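Breakdown of the fold
Given next are the chains, with one letter for each unit.
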Amino acid sequence: MGYDFRGKKMKSHNRSLQVLLLVFTMSAGAFAQTPADSDRQNQIDTLVAKAIGFLKARGQLEDGSFSSASAPGVTALVTAGLLRNGVSPDDPTVRKSLKYLEGLIHSDGGIYLNESTHKNYETSLAILCFKEANADGRYTEVLERGSKFIQGLQWDGGEGKEESDYFYGGAGYGRHGRPDLSNTSFMVDALVAAGEEGDSEALQRALLFISRTQNLESEHNTTPFPNKNPDGGFYYTPANGGESQAGETANGGLRSYASMTYAGLKSMIYAGVDKDDARVKAAYAWLQKHYDLKSNPGMGTAGLYYYYHTFAKALNAMDSPVFIDDEGEEHDWRMELIEELASRQQDNGSWLNLSLIHISETTRPERISFSVFCLKKKKGGWGGGGGGGGGG
């Protein structure tokens with residue numbers, strides 16, 4: 001299942017998907033220490049204000065959602081971004097979207113459309129949204145039940161899968177729910193936002209699947225794929241014969257690409273993997289060779305805003321204010337990301353990806369719209385952590 005964008009003019013609600021992401025990438029109050037930080041914060045505030053203005057004026061549909069396609073996930077993402085950028089839960093726009101999402105809560109704890117084949121994805125994003133709106137505890141029970149629901153969707157012994165099975169620990173979508181790293185990454189974010197610790201059984205199951213999506217042969221990954229392309233990066237899934245959205249190497253290996261490598265790195269850290277672990281070091285080394293904000297390395301501009309999202313969350317999780325590439329060049333990645341987003345913002349406050357590309361099932365519009373949910377102010381740093389504020 002996918003959506004095809006071949007340079008056609010996008011409707012305003014599809015533009016809003018990318019606006020949301022970009023809004024969520026940057027949080028108010030992230031800088032306030034030096035004159036340079038103040039200038040940087042002013043730039044963020046201007047970008048965010050224009051984006052929020054676009055969303056409020058042109059993004060929301062009559063039912064409270066922000067997209068006629070993939071409405072629950074996109075609406076949850078947008079609403080969480082508005083909330084973490086200082087918009088009140090009582091703001092008319094936010095209140096309307098929260099009411100829409102509340103109407104999707106099911107008796108099994110899931111938060112999804114009837115007949116949905118994307119229950120993990122929709123519920124995970126809704127958890128992140130309700131976490132942002134839970135300062136007064138109104139959604140505590142919803143978060144607890146939602147967490148149990150997505151744990152029930154996770155591939156494990158309950159589905160007849162043993163630890164040796166390549167499905168084990170992952171989450172997916174579609175009628176058969178084949179697991180993939182992108183959906184598993186969303187699940188990890190939601191579990192941490194709902195209060196799961198890194199050593200919890202659910203996160204450790206996820207860690208086993210995540211380790212198997214890395215091109216690194218080790219005790220954690222004995223799949224046949226890494227020895228064909230042992231570069232330390234990550235790909236989409238080892239299940240059903242393995243798949244990478246970036247394609248295969250000449251010898252049948254699965255090509256690594258940046259958005260999945262950042263997603264894998266971030267998820268490992270959330271699951272308690274130490275920075276000195278060989279898996280983290282190998283992923284970071286791959287990223288050092290492929291530092292870029294003009295493209296999603298390995299994928300061109302496909303999934304570019306989703307890439308920004310995983311890029312920022314992973315580097316924040318690494319607590320890396322400066323990124324040093326493989327040539328020894330230091331990058332103030334936060335500032336470089338702000339400048340890139342500023343250069344791409346339209347006069348009306350939206351962002352567009354006008355590449356003539358096919359958006360595959362892992363880079364659907366709602367995924368692209370995730371790109372900007374990346375950064376959040378935290379004590380001692382920026383970024384959208386998996387706990388507390390959550391983040392997709």
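Residues numbered from 1 in each chain as written. Predicted model: local features only at pLDDT ≥ 70, side-chain atom pairs only at ≥ 80, totals over all residues. Heavy atoms only, no water.

1. What to know about the overall build of the protein chain
Scanning the protein chain for helices and strands turns up 13 helices and 6 strands. For the protein chain, with 392 residues in total, the buried portion stands at 62%. Element-wise, carbon and sulfur atoms account for 47% of the exposed surface of the protein chain, whose accessible area totals about 15,000 Å². (Helix = DSSP H or I, 4+ residues; strand = E, 2+ residues; numbered from the N terminus. Buried < 20%, exposed > 50% of the residue type's maximum accessible area, 1.4 Å probe, protein only. Areas by Shrake-Rupley, 256 points an atom, 1.4 Å probe, with all protein chains shown as cover.)

2. Notes on the environment of Leu-101
Position of Leu-101 among the secondary structure elements: in helix α4 (residues 92–102). Spatially, the C-alpha atom of Leu-101 lies 9.0 Å from that of Phe-130, the residues being 29 residues apart in sequence. Setting aside residues up to four positions removed in sequence, Leu-101 forms contacts with Pro-72, Thr-75, Ala-76, Ile-111, Cys-129 and Phe-130. (Contact = heavy atoms within 4.5 Å.)

3. Observations concerning the packing of aromatic side chains
The final tally for this structure, using the stated rule, is 15 aromatic pairs. With 6.1 Å between their ring centres and 80° between their planes, Phe-186 and Tyr-306 make a pair best called edge-to-face. Of the two residues, Phe-186 sits in helix α7 (residues 181–193) while Tyr-306 sits in helix α11 (residues 304–317), which places them 120 residues apart along the sequence. Between the aromatic rings of Phe-225 and Tyr-235, the centroid separation amounts to 6.1 Å while the plane-to-plane angle is 75°, which identifies the pairing as edge-to-face. (Phe/Tyr/Trp six-rings, centres within 6.5 Å; stacked < 30°, edge-to-face > 60°.)

4. Side note on the nonpolar core
By size, the foremost hydrophobic cluster in this structure holds 91 residues, and its most contacted members are Phe-130, Tyr-262 and Phe-311. Of all the elements, α11 adds the most residues to this core, at 10 residues. Excluding residues within four positions of it along the chain, Tyr-262 makes contact with Leu-287, Tyr-291, Tyr-307, Thr-310, Phe-311, Ala-314, Leu-315 and Phe-323. (Core = buried A, V, L, I, M, F, W, Y, C linked by side-chain atoms within 4.5 Å.)

5. Some words on the layout of surface pockets
There is about 220 Å³ of room inside the largest pocket. Around the largest pocket, the lining is made up of 14 residues, and of these Leu-153, Gly-172, Tyr-173, Gly-174 and Gly-177 lie nearest the centre. Elements with a minimum of two residues in the lining of the largest pocket: α5 (119–132) and β2 (171–172). In terms of residue class, the lining of the largest pocket is built from 4 nonpolar, 8 polar and 2 charged. (1 Å grid on protein atoms, 1.4 Å probe; cavity = no way out; pocket = protein on both sides within 12 Å on 5 of 7 lines; lining within 4 Å. Points joined across faces, edges and corners; volume = space filled by probe spheres on them. Nonpolar A, V, L, I, M, F, W, Y, C, P; charged D, E, K, R; others polar.)

6. Details of the pattern of salt bridges
Across all of its chains, the model carries 13 salt bridges by this definition. Residues Arg-205 and Asp-156 are paired through a salt bridge, measuring 3.6 Å at the closest nitrogen-oxygen approach. Here Asp-156 lies in the loop between α6 (140–153) and β2 and Arg-205 lies in helix α8 (residues 201–211), a separation of 49 residues in the sequence. Arg-205 is paired through a salt bridge with Glu-201; the nearest N and O atoms lie 4.0 Å apart. Within this pair, Arg-205 and its partner Glu-201 are both found in helix α8, separated by 4 residues, close to a single helical turn. Given a relative accessible area of 65%, Glu-201 falls into the exposed group. Among the charged side chains, a salt-bridge network with shared partners connects Asp-156, Glu-201 and Arg-205. (Salt bridge = Lys/Arg side-chain N within 4 Å of Asp/Glu carboxyl O.)

7. Brief notes about the packing of helix α3 (residues 71–84) against α4
The interhelical angle for the contact between α3 and α4, taken along N-to-C directions, is 145°, at an axis separation of 10 Å. Handedness of the α3/α4 crossing: left-handed. Between α3, through Ala-71, Pro-72, Thr-75, Ala-76, Thr-79, Leu-82 and Leu-83, and α4, the contact on the second element is made entirely by Thr-93, Val-94, Ser-97, Leu-98, Tyr-100 and Leu-101. (Axes fitted to C-alpha atoms, helices over the stretch in contact; angles between N-to-C directions. Left-handed = near helix turned anticlockwise from the far one by under 90°.)

8. Quick notes on the packing of α7 against helix α9 (residues 258–270)
Where α7 meets α9, the axes come as close as 10 Å, and the angle between the chain directions of the two elements is 35°. For the pair α7 and α9, the crossing hand works out as left-handed. Only Met-260, Ala-263, Gly-264, Lys-266, Ser-267 and Tyr-270 of α9 make contact with α7, whose side of the interface consists of Leu-181, Ser-182, Ser-185, Val-188, Asp-189 and Val-192. Taken together, the residues that form the contact of α7 with α9 break down as 6 nonpolar, 4 polar and 2 charged.

9. A closer look at the environment of Ala-263
By the secondary structure assignment, Ala-263 is in helix α9. Ala-263 gets classed as buried once you look at its relative accessible area, which sits at 0%. Taking the C-alpha atoms as reference points, Ala-263 and His-309, separated by 46 residues in sequence, lie 8.9 Å from one another. Setting aside chain neighbours within four positions, we find Ala-263 in contact with Ser-185, Tyr-306 and Thr-310.

10. Focus: the confidence of the model for the protein chain
Averaged over all residues, the pLDDT of the protein chain equals 83, while 80% of them reach at least 70. Counting contacts from residues 356–392, a segment whose pLDDT is below 50, to residues more than four positions away or on other chains yields 183 contacts. (pLDDT = per-residue confidence, 0-100.)

11. Observations regarding helix α12 (residues 333–344)
With 12 residues, α12 ought to run about 16 Å at 1.5 Å a step, and its terminal C-alpha atoms sit 16 Å apart, in line with that. Looking at α12, one finds that the buried residues are Trp-333, Arg-334, Met-335, Leu-337, Ile-338, Glu-340 and Leu-341. (Expected span 1.5 Å × (residues − 1).)

12. Some words on α5
A rise of 1.5 Å per residue sets the reference length of α5, with its 14 residues, at 20 Å; its end C-alpha atoms lie 20 Å apart and thus fit the reference within 8%. Of all the positions in α5, only Asn-120, Tyr-121, Glu-122, Thr-123, Ser-124, Leu-125, Ala-126, Ile-127, Leu-128, Cys-129, Phe-130 and Glu-132 are classed as buried.

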